[in-house]
Amino acid sequence: WESGWCFAELSIAAASDQLHQCSHEAVARAVHTVWSSGIADDTDTVAIEHLRAAVAEKHFFFEEDQQVVMRIIRSFMLKRALVDAIRTKNAGRLRTALAACLSRDLRDFLEQPVDSRLNTPLHLAVAY
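What you are looking at is a predicted structure, and each value in this text was computed from that prediction instead of being measured.

Criteria and cut-off values
- Residues numbered from 1 in each chain as written.
- Predicted model: local features only at pLDDT ≥ 70, side-chain atom pairs only at ≥ 80, totals over all residues.
- Heavy atoms only, no water.
- Helix = DSSP H or I, 4+ residues; strand = E, 2+ residues; numbered from the N terminus.
- Buried < 20%, exposed > 50% of the residue type's maximum accessible area, 1.4 Å probe, protein only.
- Contact = heavy atoms within 4.5 Å.
- Axes fitted to C-alpha atoms, helices over the stretch in contact; angles between N-to-C directions.
- Left-handed = near helix turned anticlockwise from the far one by under 90°.
- Nonpolar A, V, L, I, M, F, W, Y, C, P; charged D, E, K, R; others polar.
- Lys, Arg positive; Asp, Glu negative; His and termini not counted.
- Salt bridge = Lys/Arg side-chain N within 4 Å of Asp/Glu carboxyl O.
- Polar contact = N/O pair within 3.5 Å; in protein donor to acceptor, adjacent residues only side chain to side chain.
- Phe/Tyr/Trp six-rings, centres within 6.5 Å; stacked < 30°, edge-to-face > 60°.

Participant: Got a minute to help me understand the environment of Glu 2 in this structure?
Facilitator: Position of Glu 2 among the secondary structure elements: in the segment before α1 (4-15). On the basis of relative accessibility, which here comes to 48%, the residue Glu 2 falls in the partly exposed class. As a C-alpha pair, Glu 2 and Phe 60 span 58 residues in sequence and 9.1 Å in three-dimensional space. With residues up to four places along the chain from it excluded, the contact list for Glu 2 reads Glu 57, Lys 58 and His 59.

Participant: Can you walk me through the packing of helix α3 (residues 45-56) against helix α4 (residues 65-87) in this structure?
Facilitator: Axes are the key here: two packed helices are described by the angle between their axes and the distance separating the axes. Orientation of α3 relative to α4, taken along the N-to-C sense of each, is 145 degrees, at an axis distance of 10 Å. Of the two elements, α3 crosses α4, and the hand of that crossing is right-handed. In this structure, α3 contributes Ile 48, Leu 51, Arg 52, Val 55 and Ala 56 to the contact, and α4 contributes Gln 66, Val 69, Met 70, Ile 73, Arg 74 and Met 77. Partitioned by chemical class, the residues of the contact of α3 with α4 number eight nonpolar, one polar and two charged.

Participant: Can you walk me through the environment of Gln 18 in this structure?
Facilitator: Mapped onto the secondary structure, Gln 18 falls in the loop between α1 and α2 (24-35). Between the C-alpha atoms of Gln 18 and Asp 115, which are 97 residues apart in sequence, the distance is 8.4 Å.

Participant: Which parts of the structure should I look at to understand the side chain of Lys 79?
Facilitator: Residue position: Lys 79 is located in helix α4. Look at Lys 79: it is buried, it has no salt bridge, and the nearest opposite charge is Asp 108 at 7.6 Å. Within polar-contact distance, the side chain of Lys 79 engages the side chain of Gln 112 at 2.6 Å. For Lys 79, the contacting residues outside a window of four places in its chain are Phe 109, Gln 112, Pro 113 and Val 114.

Participant: When you look at the packing of aromatic side chains in this model, what are you seeing that I'm missing?
Facilitator: In this description, an aromatic ring pair is defined by two values, namely the gap between the centres and the angle between the planes. For the structure shown, the criterion picks out two aromatic pairs. Taken together, a centroid distance of 6.5 Å and an interplanar angle of 80 degrees make the contact between Trp 5 and Phe 60 edge-to-face. Taken together, the residues Trp 5 in helix α1 and Phe 60 in the loop between α3 and α4 connect sequence positions 55 residues apart. For Trp 5, a relative accessible area of 36% translates into the label partly exposed. Note on Phe 60: relative accessible area 9%, which makes it buried.

Below, the structure written as structure tokens:
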């Protein structure tokens, strides 16, 4: 996981809760470096700094790709926060996540599938 882009893929899969199909031991070893305390939401400054440090240690062909990877991973962290807020029926966290989506012009998150059944956040909100 020394490659920055491989690390990005792993982090996106972790933030998207898609690693449950993999070996628990392999996931634990690979994900532990950044996600040891679980997936944080995008407003957790300690988690963001930890993530930034981990990305800085990775190898990129183009150094500016570090910032691209950070934006992508943080976007998926925000998507995860949105889904978690819906699933836990936490209106305050949901408002925060929605405000962050709007402020970053990520409205398309609301129309994207968030699980293997292709549910969108709206589908989840109605179901929960």
